[in-house]
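# Results of the structural survey
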Amino acid sequence: MLHYLYSDSTGNQITIFDSPLADSWIGSPASKKVVGRLVASPDDFSCVSSWLQTCLTSHKQCGQVWTSSLPTRVLDDSAGDNHNLVRLVSGAGIRGVYATLSHCWGNLPIQTCSRASISELKRTVPWESLCKTFQDAILVTRGLSIKYLWIDSLCIIQDDNDDCQREIGNMA
């Protein structure tokens, strides 16, 4: 599975897509162009986008798994005119493309979804409330024209054990 398009010094990683063929990509000379640094320039996005398109059009298995049912909740990071607009939306019944962020929570406070905050997160997730890792993940998915992003702390209701167990099970 391809999990390493962005990896920072703390080990945070963005999963762009899952593919049974992508394991062989890790460690290849091509992966060295991206792993270990932020994918940020137009050339970087063009390069990664072309890799994705090659994979999707050349690998039968990759093309089959690219579009799937969205998780229960995802972040809609399509900015429109407002580059800081991010909101939590229902993914129920929608098939599409989404990225996931796998990250270490660590000891620093991060924005989370709770019963008390979910209504506000559906209206907007304040950009300034997001840690740099989350902001970077959003910028990378936007750069790759991926509309939806799943981040566990924001897409799972953290103070609802039933929701936690169901969503963790769905994402495993």
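### So, the pattern of salt bridges
Counted according to the given criterion, the structure contains six salt bridges. Close ionic contact of Lys132 with Asp136 constitutes a salt bridge, the shortest N to O distance being 2.8 Å. Here Lys132 pairs with Asp136, and both are found in helix α4 (residues 132-143), just four residues apart, close to one helical turn. Here Lys132 falls in the exposed class, since its relative accessible area comes to 53%. The salt bridge partner of Glu167 is Arg166, with a shortest N-O separation of 3.5 Å. Through salt bridges with shared partners, one network takes in Arg73, Asp163, Arg166 and Glu167.

### Structural notes on α4
The first and last C-alpha atoms of α4 sit 16 Å apart over twelve residues, in line with the 16 Å expected at 1.5 Å per residue. Judged by how many residues are buried, α4 sits mostly within the fold: nine of twelve residues are covered. Of the residues making up α4, those classed as buried are Thr133, Phe134, Gln135, Asp136, Ala137, Ile138, Val140, Thr141 and Arg142. Directly beyond the C-terminal end of α4, a positive phi value near 60 degrees is found at Ser145.

### Things to note about the confidence of the model for the protein
When the pLDDT values of the protein are averaged, the result is 75; 69% of them are 70 or greater. Averaged over each element, pLDDT in the protein is lowest for strand β1 (residues 6-7) (37) and highest for helix α3 (residues 118-123) (96). This stretch, residues 1-36, has a pLDDT under 50; its non-local contacts, to residues over four places away or in other chains, come to 80 contacts.

### Structural notes on the nonpolar core
Leu75, Leu88, Leu130, Leu144, Leu149, Ile151 and Leu154 are the most contacted members of the largest nonpolar core, which has 32 residues in total. Within the residue set of this core, elements represented by two or more residues are α1 (42-58), β4 (73-76), β5 (87-90), β7 (98-102), α3, α4, β8 (148-151) and α5 (152-155). Not counting residues up to four positions away in its chain, the partners in contact with Ile151 are Leu75, Leu101, His103 and Phe134.

### Quick notes on the pairing of β8
Of the two faces of β8, the one lined by Tyr148 and Trp150 and the one lined by Leu149 and Ile151 are each fully buried. Taken together, the two bridges between β4 and β8 define a ladder with antiparallel strand orientation. Residue pairing in the sheet places Leu75 in a bridge with Leu149 of β8.

Rules behind the numbers
- Residues numbered from 1 in each chain as written.
- Predicted model: local features only at pLDDT ≥ 70, side-chain atom pairs only at ≥ 80, totals over all residues.
- Heavy atoms only, no water.
- Salt bridge = Lys/Arg side-chain N within 4 Å of Asp/Glu carboxyl O.
- Helix = DSSP H or I, 4+ residues; strand = E, 2+ residues; numbered from the N terminus.
- Buried < 20%, exposed > 50% of the residue type's maximum accessible area, 1.4 Å probe, protein only.
- Expected span 1.5 Å × (residues − 1).
- pLDDT = per-residue confidence, 0-100.
- Contact = heavy atoms within 4.5 Å.
- Core = buried A, V, L, I, M, F, W, Y, C linked by side-chain atoms within 4.5 Å.
- Pairing = 2+ DSSP bridges.

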